[in-house]
Amino acid sequence: MTNPLLELDLKKAGIGTVIWATGFGVDYGWLKVEALDDAGRPRHQRGVSSEPGVYFLGLPWQTRRGSSFIWGVWHDAKYVADHIAKQRGYMAYKPARKDA
Ligand SMILES: Cc1cc2nc3c(=O)[nH]c(=O)nc-3n(C[C@H](O)[C@H](O)[C@H](O)COP(=O)(O)OP(=O)(O)OC[C@H]3O[C@@H](n4cnc5c(N)ncnc54)[C@H](O)[C@@H]3O)c2cc1C
């Protein structure tokens, strides 16, 4: 990369989602959230971390042998995507007004 972007105001740029696809180059030093255990490993259940909005995918043995392979990762990807969709549904929920 010859001219990397070193700073970005996500809100101004209209960015609501960031996907770090760093593969086997594991480095969570940039992740300033409570989503890692004392040994620096992702703390998660089936890819859903203890930090709202932070997800992991493709980790070795995340749920099964195929978790870190192109041929197999979709099981975990579907679970995480379903979880995100469900959370968005909860956030969008507005109870009906009683006086309406
Ligand atoms: C030896 C080997 C054999 C495999 N064989 C198979 C197989 O037969 N079938 C199968 O389904 N899967 C196989 N896999 C697994 C497959 O390679 C991975 O599942 C897949 O590559 C993951 O894709 P990815 O895009 O997440 O990561 P990657 O393909 O690893 O890509 C991540 C990219 O991010 C870059 N990156 C990392 N950190 C930074 C950073 N800080 N800044 C900028 N760039 C960065 C890396 O240089 C890399 O180019 C194999 C893996 C290995 C190691």
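Description of the structure in this document. On a predicted model such as this, the values are computed, not experimentally measured, just so you know.

As a further point, take the overall build of the protein chain. When you go through the protein chain residue by residue, the secondary structure sums to one helix and two strands. Listed by position from the N terminus, the elements making up the protein chain come as β-β-α. For 100 residues, the compact-globule estimate of 2.2 N^0.38 gives 13 Å, and the protein chain exceeds it by more than 25% at 17 Å. If one aligns the C-alpha atoms of the protein chain with their principal axes, the spans along those axes are about 55 × 40 × 30 Å. The burial tally for the protein chain puts 17% of its 100 residues in the buried class. Counting contacts in the protein chain only where the partners sit at least 6 residues apart, residues at least 24 apart contribute 20% of the total. Of the accessible surface of the protein chain, which amounts to about 8,800 Å², a share of 58% is contributed by carbon and sulfur atoms. The distance from the centre of the 14 positive side-chain charges to the centre of the 10 negative ones in the protein chain is 9 Å.

Time to look at the packing of aromatic side chains. Counting across every chain of the model gives four aromatic pairs. Relative to Trp-30, the ring of Trp-20 lies with its centre 4.0 Å away and its plane at 25 degrees, an arrangement referred to as stacked. Placement of the pair is Trp-20 in the segment before β1 (44-45) and Trp-30 in the segment before β1, with a sequence separation of 10 residues. Overall, the relative accessible area of 31% leaves Trp-30 in the partly exposed class. Their ring planes at 80 degrees and their centres at 5.1 Å tell us that Trp-71 and Trp-74 sit as a pair that is edge-to-face. Here Trp-74 falls in the partly exposed class, since its relative accessible area comes to 41%. Joined through ring pairs, the aromatic side chains of Trp-20, Tyr-28, Trp-30 and Phe-56 make up one cluster.

Our next topic: the side chain of Ser-67. Relative to the elements of secondary structure, Ser-67 occurs in the loop between β2 (48-49) and α1 (74-92). Side-chain polar atoms of Ser-67 contact the backbone nitrogen of Thr-63, separated by 3.0 Å. When residues no more than four places from it in sequence are discounted, the contact partners of Ser-67 are Gly-58, Leu-59, Trp-61, Gln-62, Val-73 and Asp-76.

For the rest of this paragraph, the subject is the site of the ligand. What surrounds the ligand is the set Ala-21, Thr-22, Gly-23, Phe-24, Ser-68, Phe-69, Ile-70 and Trp-71. In the model, an oxygen atom of the ligand is placed 3.4 Å from a nitrogen or oxygen of the Ala-21 main chain. In this structure, Ile-70 approaches the ligand through a main-chain N or O atom, which is 2.9 Å from an oxygen atom. Here the ligand loses 33% of its free accessible area of 990 Å² to cover by the protein chains. Its residues placed into classes, the shell around the ligand shows five nonpolar, three polar and no charged.

Our focus in this paragraph is unusual backbone geometry. Positioned with a positive phi, Arg-46 is a non-glycine residue whose angle comes to about 55 degrees. Inspection of the secondary structure assignment puts Arg-46 in the loop between β1 and β2. Backbone geometry places Trp-61, a non-glycine residue, at a positive phi of 55 degrees. Relative to the helices and strands, Trp-61 is located in the loop between β2 and α1. The class for Trp-61 is exposed, based on a relative accessible area of 61%.

The next point concerns the environment of Gly-29. With respect to the helices and strands, the residue Gly-29 is situated in the segment before β1. For the pair formed by Gly-29 and Glu-7, sequence separation is 22 residues and the distance between their alpha carbons is 17 Å.

The rules behind each value
Residues numbered from 1 in each chain as written. Predicted model: local features only at pLDDT ≥ 70, side-chain atom pairs only at ≥ 80, totals over all residues. Heavy atoms only, no water. Helix = DSSP H or I, 4+ residues; strand = E, 2+ residues; numbered from the N terminus. Rg over C-alpha atoms; globule rule 2.2 N^0.38 Å. Buried < 20%, exposed > 50% of the residue type's maximum accessible area, 1.4 Å probe, protein only. Contact = heavy atoms within 4.5 Å. Areas by Shrake-Rupley, 256 points an atom, 1.4 Å probe, with all protein chains shown as cover. Lys, Arg positive; Asp, Glu negative; His and termini not counted. Charge placed at Lys NZ, Arg CZ, Asp CG, Glu CD. Phe/Tyr/Trp six-rings, centres within 6.5 Å; stacked < 30°, edge-to-face > 60°. Polar contact = N/O pair within 3.5 Å; in protein donor to acceptor, adjacent residues only side chain to side chain. Near = heavy atom within 4 Å. Nonpolar A, V, L, I, M, F, W, Y, C, P; charged D, E, K, R; others polar.

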